[in-house]
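# Structure assessment
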Amino acid sequence: MADDILRIRTPIGIDYTWSSGPGSVVYMRGLENGKLIGRRCPDCELVYFPPRNGICPRCGVLLAAEVEVGPRGTITTFCVVNVPFLGQTIKIPYVAATILLDGADIGMQHLIQECEAADVRMGMRVEPVWKDKSEWTPSLENILYYKPTGEPDADFDVYARHL
Amino acid sequence: MRDVAIVAYIEGQNTSATTLSPVEMIVPVVHEVLKRANVQRSDIDFWCHGSCDYMTGQPFSFVSAVDALGAWPPIMESHVEMDGAWALYEAWVKIQTGEANTALVFGNGKSSAGDMNRALTLQLDPYVVAPLWPGFRSLEAMGARAAIDAGTVTERQMADVVSRSLRDAADNPNVLAYGYRDADELLDEPMTANPLRAHDCPAMADGVAAIIITTADRALEMCDRPAWIRGIDHRIDFQNLGLRDLSRSNSAALASFHAGVTKDKVDVAELHATYSHHEIILAQSMGIDRSTTRMMPSGGALVANPLMAAGLARFGQAARQIFKGNADRAVAHAAQGACLQQNIVAVLEGN
Ligand SMILES: [Zn+2]
């Protein structure tokens, strides 16, 4: 009986073709080959990794020169995740950090592993741990996580303007 | 009211499927329109953008478009989930309030990113119409059928509109439909969505349009012959298709009346008629005499339809006719929604 109908499900779905655009292609091809490639803004000369759609958002211009950055970097800030949530794949507590790769001017987000969460600190030097080469795709997921290099911490001045 | 004029218009290259990201498409067009008005980014005190997340398949996709503007130092900007023509309206209101003097308005869309016939269906009532996935072309065919049955539109008139649009397209390097054919040849083609034939439907495109509007004290510095916005209005019909007479557009008629279209002669009209019968319905509803007004000299949205930019492009193309001195009084129009549900109309004058 119609009176019994309390709700209906009307799922929607559309397929999309997404093109990353030439500005991001070098970044993705780089990852596919185990390289971290950013791009430099021709106006303000900042190096973006990832190259954000190939645009410098400060200047509103297309990014130009390709610049290899990292692979090592410095933790500028971080967060210890203690909260369990649906779909969590990593054992808590774990650390999500913003890492300023050497040669880049914006931080990127990644996981920190192979050290106690309590030992992670601003200025800590880290390096990537890659998946097996046979599994590489054009994605930042090729890097499993970052781990401490054991180098002395970076000076505060190095990352002060990225906080 | 403050006098406001369109002083510059640029459209990006319309393509059938670009590999650029939406932001990469916008950047050069923004640069060009600034150059055209001979102004710097810092001269723009309001930015307004029209686009549609359902086209990109990405929520808040418009936020990344701000990257294209160079938002440092901070800028005042806004976005409408509509064709860029509605962004122009918001910018015009902003200038009327005195909060801004010069605005850059743009609209962009990548029609090739998905099945737009399906994506546009999501504009419909989400409970009882959209779940049927009627497809936009079918709805427009229904509108055309209603108009033909009401005797306000004929298939011959529709073919004439297409034929003229294809002829005008030959003079416009930025179109995606080519090859002049006369009405008889067009009527020999089979119907693809009765009563529509393939050529009655728009040539879908990926594209960008950008316009700069400003106040009287600066307009003449930016443009030799600004296109003054003498009237502008937008109106909306019911969303429920069953409550509407699809053979006409009440909201287009109201918007046209309030914009003052019929107060004087109309030299040129750029109507956002994405299907051939739209032009006839719109002209009738808006009080435009198609025998004395030059209709869509650009070829119109039939020959290049970059969604979310095509309406703003009508404003730009109408303004161009004023810039060039081809017209003293032009009507610009944009539509959104199914069967001409939402309409914005402006009267542009050279003096
Ligand atoms: Zn820059």
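These numbers were taken from a predicted model, which means no experiment stands behind them. (Residues numbered from 1 in each chain as written. Chains lettered and ligands numbered in written order. Predicted model: local features only at pLDDT ≥ 70, side-chain atom pairs only at ≥ 80, totals over all residues. Heavy atoms only, no water.)

### Here's the deal with the interface of chain A and chain B
In this complex, chain A contributes 25 residues to the contact, which on the side of chain B involves 32 residues. Carbon and sulfur atoms make up 54% of the area that chain A and chain B hide from each other, which totals about 2,000 Å². Scanning the region where chain A abuts chain B turns up one salt bridge. For Arg52(A), the salt bridge is made with Asp67(B), and the minimal N-O distance between the two is 2.9 Å. Counting only elements with at least two residues in the side of chain A that touches chain B, the list comes to helix H1 (22-32), strand S3 (55-56) and strand S4 (61-62) of chain A. Considered class by class, the residues forming the side of chain A that touches chain B number 12 nonpolar, 10 polar and three charged. (Contact = heavy atoms within 4.5 Å. Buried area = accessible area lost by both parts, 1.4 Å probe. Salt bridge = Lys/Arg side-chain N within 4 Å of Asp/Glu carboxyl O. Helix = DSSP H or I, 4+ residues; strand = E, 2+ residues; numbered from the N terminus. Nonpolar A, V, L, I, M, F, W, Y, C, P; charged D, E, K, R; others polar.)

### Some points on the coordination of the zinc ion
Taken together, Cys41(A) (SG), Cys44(A) (SG), Cys56(A) (SG) and Cys59(A) (SG) make up the full set of protein donors to the zinc ion, lying 2.3 Å away. Geometry at the zinc ion is tetrahedral, judged from the four donor atoms that bind it and their angles of 107 to 114° at the metal. (Donors = N, O, S within 2.8 Å, 3.2 Å for Na, K, Ca; no water. Tetrahedral: all angles 85-135°; square planar, octahedral: opposite > 155°, others 65-115°.)

### Observations concerning the layout of surface pockets
The space that makes up the largest pocket amounts to roughly 580 Å³. In this structure, the largest pocket is lined by 33 residues; those nearest its centre are Trp18(A), Asn53(A), Ser21(B), Gln58(B) and Ser64(B). Mapped by element, the contributors of at least two residues to the lining of the largest pocket are H1 of chain A together with helix H1 (22-36), helix H2 (53-56), helix H3 (61-65) and strand S4 (102-110) of chain B. The element contributing the most residues to the lining of the largest pocket is H3(B), with four residues. (1 Å grid on protein atoms, 1.4 Å probe; cavity = no way out; pocket = protein on both sides within 12 Å on 5 of 7 lines; lining within 4 Å. Points joined across faces, edges and corners; volume = space filled by probe spheres on them.)

### Describing the sheet that holds strand S5 (residues 66-68) of chain A
Hydrogen bonding along the main chain pairs the strands of a sheet, whether they run parallel or antiparallel. Residue and element names in this part refer to chain A. Here three strands make up an open sheet; going across it, the order is S2-S1-S5 and the pairing antiparallel. Across the chains shown, the open sheet's two edge strands, defined by having one partner strand only, are strand S2 (47-48) and S5. Where strand S1 (residues 37-40) meets S2, two bridges bridge the pair, whose relative direction is antiparallel. Its bridge partner being in S2, Arg 39 is matched across the sheet by Tyr 48. The sheet strands contacting H1 are S1 and S5, and the helix crosses S1 at an angle near 150°. (Pairing = 2+ DSSP bridges. Axes fitted to C-alpha atoms, helices over the stretch in contact; angles between N-to-C directions.)

### Some words on the side chain of Asp237(B)
All names here are of chain B. Take Asp 237: it is sitting in the loop between strand S8 (227-236) and helix H10 (250-259). For the buried Asp 237, no salt bridge is present, and the opposite-charge side chain at shortest range is Arg 244, 4.4 Å distant. If we skip the residues at most four places from it in the chain, Asp 237 touches Arg 244, Ser 249, Asn 250, Ser 251, Leu 340 and Gln 341. (Buried < 20%, exposed > 50% of the residue type's maximum accessible area, 1.4 Å probe, protein only. Lys, Arg positive; Asp, Glu negative; His and termini not counted.)

### Some thoughts on the packing of aromatic side chains
Residues and elements named next belong to chain A. Scanning the model with the defined rule gives five aromatic pairs over all chains in all. Here Tyr 27 and Phe 49 contribute two aromatic rings whose centre-to-centre distance is 5.2 Å and whose plane-to-plane angle is 70°, an arrangement assigned as edge-to-face. Within this pair, whereas Tyr 27 is found in helix H1, its partner Phe 49 is found in the loop between S2 and S3, the two being separated by 22 residues in sequence. (Phe/Tyr/Trp six-rings, centres within 6.5 Å; stacked < 30°, edge-to-face > 60°.)

That's the geometry; what it means functionally is another story.
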